[in-house]
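Observations on the model geometry
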Amino acid sequence: MSGKRGIQSFGDLPISPRSRPHKKFKKTAPPSLDISPKPEYNEHIHMKIKKNYLLLLAGIVWLAAGFNILRIGIISYKSYVTLINLALSAAVFFLFWFMVFGKLVRRHTDRIVRYEEEMQFILKFFDRKSFCIMAFMMTFGIGLRVSGLCPDLFIAVFYTGLGTALFLAGASFACNY
């Protein structure tokens, strides 16, 4: 110890009274380092909804798609309304409803209802295959109209039948909710 008042030394390092910890602050051990693995960020955690809302979401998506396609068909129909064209639109509707969208509604409703966990990722209202089908249909439909390869009569008949089937699929999903 040094003979000077107020300065003490520890080994070769002098410590002034001001650098000593205050009596109110007890010296504690440093906080332990948490080295446990942190869960990786998962967007699924933040984008989950109750599984029954997946049916409602699917209904909204297909109702919107059906409404837009049906609207395009009806607008194109203005000078082509005949019994034959209406019958062809009905045939397109029945073909798409019974071969595609009716099965799609049943398959996805069954899949969603069977989920064990109540909270599900928001995009699980469809599986990968259905999203691919939707993307293909949108790309093909837009390309068909923009290219001008199909006359308005085809757009009127085909889109009216297809839009009605899509709209019914959306309504079916919403009813299953």
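Residues numbered from 1 in each chain as written. Predicted model: local features only at pLDDT ≥ 70, side-chain atom pairs only at ≥ 80, totals over all residues. Heavy atoms only, no water.

1. Let's talk about the nonpolar core
Test applied: In this text, buried Ala, Val, Leu, Ile, Met, Phe, Trp, Tyr and Cys residues form a nonpolar core when linked through side-chain atoms within 4.5 Å. Each residue is placed in one exposure class: buried if its accessible area under a 1.4 Å probe, protein chains only, is under 20% of its type's maximum, exposed if it is over 50%, and partly exposed if it falls in between. Helix and strand assignments follow DSSP, with helices taken as H or I runs no shorter than four residues and strands as E runs no shorter than two, numbered in order from the N terminus. Any two residues whose heavy atoms approach within 4.5 Å at even a single point are treated as in contact.
W62, W97, F101, F126 and F173 are the most contacted members of the largest nonpolar core, which has 28 residues in total. For this core, the secondary-structure elements that each account for two or more residues are helix 2 (51-77), helix 3 (83-114), helix 4 (128-147) and helix 5 (152-176). With eight residues, the single largest contributor to this core is helix 3. Those residues in contact with F173 that lie beyond four places of it in its chain are L55, A58, G59, W62, L104, V105, H108, T109 and F126.

2. What about the side chain of S130?
Tracing the backbone shows S130 in helix 4. Residue classification places S130 among the buried residues on the basis of a relative accessible area of 1%. Beyond its immediate stretch of four places on either side in the chain, S130 contacts L104, R107 and H108.

3. Thoughts on the environment of F93
Relative to the elements of secondary structure, F93 occurs in helix 3. For F93, a relative accessible area of 15% translates into the label buried. The spacing of F93 and L162 is 69 residues in sequence and 5.6 Å in space, taken between C-alpha atoms.

4. Focus: the packing of helix 3 against helix 5
Filter applied, for reference: Where helices are involved, their axes are fitted lines through C-alpha atoms of the stretch in contact, as for all axes, and angles between N-to-C directions lie from 0 to 180°. Here the word oblique covers every angle except those under 35 degrees (roughly parallel), over 145 (roughly antiparallel) and from 65 to 115 (roughly perpendicular). Take the far helix as your reference; a near helix turned counterclockwise from it by less than a right angle gives a left-handed crossing, and one turned clockwise gives a right-handed crossing. Classification convention: Asp, Glu, Lys, Arg as charged; Ala, Val, Leu, Ile, Met, Phe, Trp, Tyr, Cys, Pro as nonpolar; all other residues, Gly among them, as polar.
Closest axis-to-axis distance for the helix 3/helix 5 pair is 8 Å, and the angle between their directions is 30°. On the basis of the axis angle, helix 3 is roughly parallel to helix 5. In terms of crossing hand, the pair formed by helix 3 and helix 5 is right-handed. Among the residues forming the contact of helix 3 with helix 5, the class breakdown is 18 nonpolar, nine polar and no charged.

5. Considerations on helix 3
To be explicit about the condition: How far a helix is expected to stretch is found by multiplying one less than its residue total by 1.5 Å. The bend at a residue is defined as the angle formed between two axes, one fitted to the seven residues ending at that residue and one fitted to the seven starting there.
End to end, helix 3 covers 44 Å across 32 residues, agreeing with the expected 46 Å (1.5 Å per residue, within 8%). Along helix 3, the sharpest kink reaches roughly 50°, centred on W97.

6. Description of the packing of helix 2 against helix 3
Packed helix pairs are specified by the crossing angle of their axes together with the interaxial distance, meaning the distance between the axes. Contact geometry for helix 2 and helix 3: axes closest at 12 Å, N-to-C directions at 170°. Our classification of the angle between helix 2 and helix 3 gives roughly antiparallel. Residues K51, L54, L55, W62 and Y77 of helix 2 form the contact with helix 3, whose participating residues are N85, L86, S89, F101, L104, T109, I112 and V113. Grouping the constituent residues of the contact of helix 2 with helix 3 by class yields nine nonpolar, three polar and one charged.

7. Overview of the packing of aromatic side chains
In plain terms, the rule: Planes of paired rings set the category: under 30 degrees apart is stacked, over 60 is edge-to-face and the rest tilted, where pairs are Phe, Tyr or Trp rings (Trp by its six-membered ring) whose centres lie within 6.5 Å. Charges are assigned to positions over rings by a cutoff of 6 Å between ring centre and Lys NZ or Arg CZ, combined with an angular limit of 35 degrees from the ring normal.
If you walk through the whole model with that rule in mind, you get 14 aromatic pairs. The interplanar angle of 50° and the centroid separation of 4.7 Å between the aromatic rings of F125 and F126 together place this pair among those described as tilted. F125 gets classed as buried once you look at its relative accessible area, which sits at 5%. A centroid spacing of 5.5 Å and a plane angle of 70° characterise the contact between F125 and F131, whose relative ring orientation is edge-to-face. Residue class for F131 comes out partly exposed when judged on its relative accessible area of 29%. An aromatic cluster of three or more residues is present, and its members are W62, F96, F101, F125, F126, F131, F154, F158, Y159 and F173. Directly above the ring of Y115 sits K124, whose terminal nitrogen or CZ lies 5.0 Å from the centroid.

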